[in-house]
Amino acid sequence: MSSAPALLLVHGAWHGPWCWQPLIDELPDLDVRTVALPSSGPDPAALGDLYDDAAAIAEALEAIGGPTVVVGHSYGGCPVSQAAGSAGDVRRVVYLCALMQDVGDTLLSLVNGAYPPDWDVHERPGGAGLGHFDVHDPVRALYGDVDPDLAERCVARLGHQSLSAVHQPLTEAAWRTVPSTYVLCEDDVAIPLPLQEEMAKHAQRVRRLRSSHSPFLSRPAELARLLRDEIGLS
């Protein structure tokens, strides 16, 4: 096994560790780990929240027990920001077309408090943020340049996403204390490029991919090369 830092991959909303497999296949010589976020899953009544996700990431980092580069995709950037500054031995955080907000911000802070039109929101009575949300037209929103057969297989595996997780504020922001890279995905429609560019101002380095929202599925070899560069192997 390489002496390079371990790589911890943190998925976004609706997904699970399964989404990373094409990328993992391109990194056979590295210690690549994944984490399943409690806020995403098949049972809307059993979903965790942002802080549960951060606790899962912290547990994964402690289990690695050594130098680690953390990659957060999309919503995964939120719990990564919450956890990666104070758990484990994190050498760099890579925000892959990810949410990158500051202490006190929620995910909804980035979109003026309104649910994005791509979200299919199912609120429960009893208070703001109770319930879950799905995604309208996931192929268009998430998999624009993914092979159509692979995209359809991924759609079949998508879960529900906790609504409370997007209402909860960060109490930590890892990028304030840990070196960070933002990877802009230029053809993303789920997180428009202008919003990515605004968030990327927080990052120490900015990289670009000509891809839609899920380059680990559409361009895994290219993404693998970029990540090798970020952990100092090229």
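The present account deals with the structure reproduced in this document. (Residues numbered from 1 in each chain as written. Predicted model: local features only at pLDDT ≥ 70, side-chain atom pairs only at ≥ 80, totals over all residues. Heavy atoms only, no water.)

### Looking at the overall build of the protein chain
For step 1, the next point in the chain: When its secondary structure is counted, the protein chain shows eight helices and ten strands.
For step 2, the next point in the chain: Against the 2.2 N^0.38 benchmark of 17 Å for 234 residues, the protein chain shows a C-alpha radius of gyration of 16 Å, consistent with a compact globule.
For step 3, the next point in the chain: For the protein chain, the C-alpha atoms occupy an extent of roughly 50 × 40 × 30 Å along the three principal directions.
For step 4, the next point in the chain: Counting only residues that meet the buried cut, the protein chain has 55% of its 234 residues in that class.
For step 5, the next point in the chain: In the protein chain, the proportion of contacts linking residues at least 24 apart, taken out of those at least 6 apart, comes to 69%.
For step 6, the next point in the chain: When the accessible surface of the protein chain is summed, it comes to about 9600 Å², and 50% of that surface belongs to carbon and sulfur atoms. (Helix = DSSP H or I, 4+ residues; strand = E, 2+ residues; numbered from the N terminus. Rg over C-alpha atoms; globule rule 2.2 N^0.38 Å. Buried < 20%, exposed > 50% of the residue type's maximum accessible area, 1.4 Å probe, protein only. Contact = heavy atoms within 4.5 Å. Areas by Shrake-Rupley, 256 points an atom, 1.4 Å probe, with all protein chains shown as cover.)

### Quick notes on the side chain of Gln168
For step 1, the next point in the chain: Relative to the helices and strands, Gln168 is located in the loop between strand S8 (160-162) and strand S9 (180-185).
For step 2, the next point in the chain: Its relative accessible area of 15% is what places Gln168 among the buried residues.
For step 3, the next point in the chain: Of the polar contacts made by the side chain of Gln168, one reaches the side chain of Asp49; its length is 2.9 Å.
For step 4, the next point in the chain: If we skip the residues at most four places from it in the chain, Gln168 touches Asp49, Leu50, Tyr51, Asp105 and Thr106. (Polar contact = N/O pair within 3.5 Å; in protein donor to acceptor, adjacent residues only side chain to side chain.)

### Describing helix H5 (residues 148-157)
For step 1, the next point in the chain: Taken as a whole, H5 has its buried residues at Leu150, Ala151 and Cys154. Buried positions in H5, seen along its axis, are confined to an arc of 100° and lie on one side of it. Exposed side of H5, more than 90 degrees from the buried face: Pro148, Asp149, Arg153 and Ala156 are the residues found there.
For step 2, the next point in the chain: Buried residues belonging to H5 abut helix H7 (215-218).
For step 3, the next point in the chain: The N-terminus of H5 is capped by Asp147, whose side-chain oxygen sits 3.1 Å from the backbone nitrogen of Asp149. (Arc of directions from axis to C-beta.)

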